[in-house]
Amino acid sequence: MANCGDSGRAEPLRLNVNGRDVAVAASRQASLLHLLRNDLGLNGPKYGCGLGQCGACTVHVDGTAARACVIPAHGMAGRRITTLEGLAGQASAAGSLVRACAAPGAGPARDWHPVQAAFEEAQAAQCGYCLNGMVMQAAALLAREPQPSEARIRAELSGNLCRCGTHVEILRAVTLAAQRMAEAPAP
Ligand code: FES
Ligand code: FES
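Because the structure is predicted, anything quoted here is derived from the model rather than measured.

Visitor: Help me understand the overall build of the protein, please; the structure alone is not making it clear to me.
Guide: A count of helical and extended segments in the protein gives six helices and seven strands. Each helix and strand of the protein, placed in order from N terminus to C terminus, yields the pattern β-β-α-β-β-β-α-β-β-α-α-α-α. Within the protein, counting contacts between residues at least 6 apart in sequence, those at least 24 apart form 57% of the total.

And the structure:
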């Protein structure tokens, strides 16, 4: 469980998470993943390897995909952190919001980032444990390269592990997200 625990004396820390400034206390050893999940209740990022090798914990730091399990929380002061929970709101602000209407009786419509919506449309999940990382990695890619080639998508996601072997569906979902974003009306 390298780098993910929170032992030692807690020290105050201010962070910007999903567009909100938050004040927390964490030890100098605490990882960003530990703080997000255990102190802020943001369970989108998952704990997998704890070693920066599987991608399950991926978040965005200043818009770039990063492994939260190996980032010291105290190193994040002044940085802009986005988790899976904040992705939809970010897309809304950019004008590329997707209204995914739930089936009748299944609850209210959900506002999703196009990548999240594409993963559902492509049914790109089995157990779902890797999906946070896949979605966050793909969203960061499409934000800087709106029309990546299949080879580029494969390369970008090569460090995100899926134990269920859903890679073909995940690749299809990211390609679909790029298409949907290209078709979306300009904000
Ligand atoms: S849990 Fe962070 S990379 Fe595996
Ligand atoms: S869907 Fe199970 S690990 Fe990817």
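Having put the structure on the table, let's press on.
Visitor: Help me understand the environment of Ala182, please; the structure alone is not making it clear to me.
Guide: Looking at the secondary structure, you find Ala182 in helix H6 (residues 167–183). Taking the number of C-beta atoms within 10 Å as the measure of exposure, Ala182 has 11 and is therefore exposed. Residues Ala182 and Gln147, spaced 35 residues apart in sequence, show a C-alpha to C-alpha distance of 8.1 Å. In this structure, Ala182 is in contact with Pro146 and Gln147, ignoring residues within four places of it in sequence.

Visitor: Help me out: how do you make sense of the environment of Leu33 in this one?
Guide: In this fold, Leu33 is placed in helix H1 (residues 32–39). The exposure class of Leu33 is buried, given the 27 C-beta atoms found within 10 Å.

Visitor: Could you clarify how one ought to interpret helix H3 (residues 114–121) in this entry?
Guide: Side chains of residues three or four places apart in an α-helix project in the same direction, reflecting 3.6 residues per turn. Counting buried residues in H3 gives six out of eight residues, a clear majority hidden from the surface. Residues of H3 that are buried include every one of Pro114, Val115, Gln116, Ala117, Ala118 and Phe119, and no others. Immediately beyond the C-terminal end of H3, within one or two residues, lies Gln123, with a positive phi of roughly 50°.

Visitor: Explanation requested: unusual backbone geometry in the structure shown.
Guide: If a residue is not glycine, its phi is most likely negative; likewise, a peptide bond is most likely trans. Its identity as a non-glycine residue notwithstanding, Asn18 has a phi of 50°, on the positive side. Note on placement: Asn18 falls in the loop between strand E1 (11–17) and strand E2 (20–26). Positive phi outside glycine occurs at Gln123, with the angle close to 50°. Following the sequence through the fold, Gln123 ends up in the loop between H3 and helix H4 (131–144).

Cut-off values and rules
- Residues numbered from 1 in each chain as written.
- Chains lettered and ligands numbered in written order.
- Predicted model: local features only at pLDDT ≥ 70, side-chain atom pairs only at ≥ 80, totals over all residues.
- Helix = DSSP H or I, 4+ residues; strand = E, 2+ residues; numbered from the N terminus.
- Contact = placed C-beta atoms within 7 Å.
- Buried ≥ 20, exposed ≤ 12 C-beta atoms within 10 Å, placed from the backbone.

Functional significance is not addressed by these values, which are geometric in nature.
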